[in-house]
Amino acid sequence: MSPRQITVLGECVADAFAEPGSTSNELALRVLPGGGPANTAVALARLGTAARFLARLSGDVFGRLFRGHLEASGVDLSNAVAAAEPSTLAVAELDARGQAAFSFHAQNTADWQWTAEELARVDLSESACVHTGSLALVRQPGAAVVEDFLAAAAPGATISIDPNVRPLLVHPDVYRARLAHWCRLADVLRLSEDDLELLLPDTPPEQACDIWHAAGARLVVITRGADGVLASLDGERVEVPAVPVNVVDTVGAGDSFTAGLLHHLGARGLLGGRLTRLRLDEVAEACRFAVQVAALTCSVAGPNPPWRDQLPQLAATDRV
């Protein structure tokens, strides 16, 4: 069986949720550790996968919060860089449906300063999969270094990418310009319906899957919120319904889905290469598990993915 460790690379962001203050001229911020890649690493570790997080963690108050949160969830930080730069801050305002609109404070912060020397120290011999995405792939100067790292990792590990488009920070054209290259690197491309609309406006999901297959991605998974999931494996499709849940907010739900998908595939020894043995029914089973993980994340405030024992159907769907 392939090694089961999953290595995640990317940012850890301080998610500050705006709340009314005690007076009319005051605004309170409730700060939680977040960031797409960090959320995915936490969710993987809580599900029981050996998860290593490659991050550049500041020594400031937010960086100390990140480190404590990741370590408490069981994430391996042995290759995390102690960064001199400040942490990235995102301020979220929730609408009536629990959807978050973000404003970012990310100029010259720690997350985007990767160097080739820092990543050259990473041993991937025990990693079945390398997952990345979001801003780490598009924010310079580190983005090109991250792409080179993925290319070097690909011969021995499954590559998973989640574009997680953030148009307030980076114009979608930057993502579009790199997406075909990412598909050549990636075995798994996971994105939301919002990402799809930003990357390929007015394109039916099935057509988008075929475009990304042609560019090189074997497994494309599009999450559609309450409408469930469309997964396409080399053009073979399956739809998986969402799990009904009382939504508190949707922050981190997509990251938790990705973690559930990769955890399920990894637990069955299906990661570690180009997914050549993967069947569509196995994709469907992994997606059914992943929507449970995402649903539980939506049922609580903030990016707070569930622990293994919180999934009511885990014993039936996640045996190895």
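The structure presented is a predicted model; accordingly, all values stated were derived computationally and were not measured.

1. A word on the pattern of salt bridges
Throughout the structure, instances matching the rule amount to 11 salt bridges. A salt bridge links glutamate 239 to arginine 224; the nearest nitrogen and oxygen atoms lie 3.0 Å apart. With a gap of 15 residues between them, glutamate 239 in strand S14 (residues 236–240) and arginine 224 in the loop between strand S12 (219–223) and strand S13 (229–233) connect regions that are remote in the sequence. Look at glutamate 239 and you get exposed, because its relative accessible area is 54%. A network of salt bridges, in which partner residues are shared, links Arg56, Glu85 and Glu118.

2. A short note on the side chain of threonine 109
Note on placement: threonine 109 falls in the loop between strand S8 (100–105) and helix H3 (116–120). Judged by its relative accessible area of 3%, threonine 109 falls in the buried class. In terms of polar contacts, threonine 109 uses its side chain to reach the backbone carbonyl oxygen of alanine 106, at 3.1 Å. Setting aside its immediate chain neighbours within four residues, threonine 109 contacts Glu85, Pro86, Ser87 and Thr88.

3. Details of a negative patch on the surface
Taken together, Glu193, Asp194, Glu197, Asp202 and Asp227 make up a surface patch of like negative charges. For glutamate 197, the location among the structural elements is in helix H6 (residues 193–199).

4. Description of helix H1 (residues 36–47)
Compared with an ideal rise of 1.5 Å per residue, which puts 12 residues at 16 Å, H1 spans 17 Å between its outermost C-alpha atoms and is within 8% of the ideal. Within H1, 12 of the 12 residues are buried, which leaves the element mostly enclosed by the surrounding structure. When we look at burial in H1, the residues that qualify are Gly36, Pro37, Ala38, Asn39, Thr40, Ala41, Val42, Ala43, Leu44, Ala45, Arg46 and Leu47. Of the residues one or two after H1, glycine 48 is the one with positive phi, at around 110 degrees.

5. Structural notes on the sheet that holds strand S9 (residues 127–133)
Spatially, the 8 strands line up as an open sheet ordered S4-S1-S9-S10-S11-S12-S13-S14, and their pairing is mixed. The open sheet is flanked by strand S4 (51–54) and S14, the only strands paired with a single partner. The sheet shows a mean angle of 15 degrees between the axes of neighbouring strands, direction not considered. As paired elements, strand S11 (residues 188–192) and S12 share 5 bridges and run parallel to each other. By the bridge assignment for S12, leucine 191 is matched with isoleucine 222.

6. What to know about the packing of aromatic side chains
Applying the stated criterion across every chain yields a total of 1 aromatic pair. Arranged with centres 6.3 Å apart and planes meeting at 85 degrees, the rings of tyrosine 175 and tryptophan 182 form a pair that is edge-to-face. As far as burial versus exposure is concerned, tyrosine 175 and tryptophan 182 are alike and both buried.

7. Considering the environment of glycine 10
With respect to the element layout, glycine 10 can be found in the loop between strand S1 (5–9) and strand S2 (13–20). The exposure class of glycine 10 is buried, given its relative accessible area of 2%. Along the sequence, glycine 10 and alanine 84 sit 74 residues apart, while their C-alpha atoms lie 17 Å from each other. Once you skip the residues sitting within four places of it in the chain, glycine 10 turns out to touch Pro37, Phe53, Leu54, Ala55 and Ala136.

8. A short note on the environment of phenylalanine 102
Assignment of secondary structure puts phenylalanine 102 in strand S8. Through-space distance from the C-alpha of phenylalanine 102 to that of leucine 271 is 33 Å; in sequence the pair is 169 residues apart.

9. Things to note about the packing of H1 against helix H8 (residues 253–267)
Viewed as axis vectors pointing N to C, H1 and H8 meet at an angle of 45 degrees, and their least axial separation amounts to 8 Å. Our classification of the angle between H1 and H8 gives oblique. Crossing of H1 over H8 shows right-handed handedness. When H1 is examined against H8, the residues Gly36, Asn39, Thr40, Ala43, Leu44 and Leu47 are found in contact with a partner set consisting of Asp255, Ser256, Thr258, Ala259, Gly260, Leu262 and His263.

Thresholds applied
Residues numbered from 1 in each chain as written. Predicted model: local features only at pLDDT ≥ 70, side-chain atom pairs only at ≥ 80, totals over all residues. Heavy atoms only, no water. Salt bridge = Lys/Arg side-chain N within 4 Å of Asp/Glu carboxyl O. Helix = DSSP H or I, 4+ residues; strand = E, 2+ residues; numbered from the N terminus. Buried < 20%, exposed > 50% of the residue type's maximum accessible area, 1.4 Å probe, protein only. Polar contact = N/O pair within 3.5 Å; in protein donor to acceptor, adjacent residues only side chain to side chain. Contact = heavy atoms within 4.5 Å. Patch = residues over 30% accessible without salt bridge, like charges linked within 9 Å, V, L, I, M, F, W, Y side chains within 5 Å. Areas by Shrake-Rupley, 256 points an atom, 1.4 Å probe, with all protein chains shown as cover. Lys, Arg positive; Asp, Glu negative; His and termini not counted. Charge placed at Lys NZ, Arg CZ, Asp CG, Glu CD. Expected span 1.5 Å × (residues − 1). Pairing = 2+ DSSP bridges. Axes fitted to C-alpha atoms, helices over the stretch in contact; angles between N-to-C directions. Phe/Tyr/Trp six-rings, centres within 6.5 Å; stacked < 30°, edge-to-face > 60°. Parallel < 35°, antiparallel > 145°, perpendicular 65-115°, else oblique. Left-handed = near helix turned anticlockwise from the far one by under 90°.

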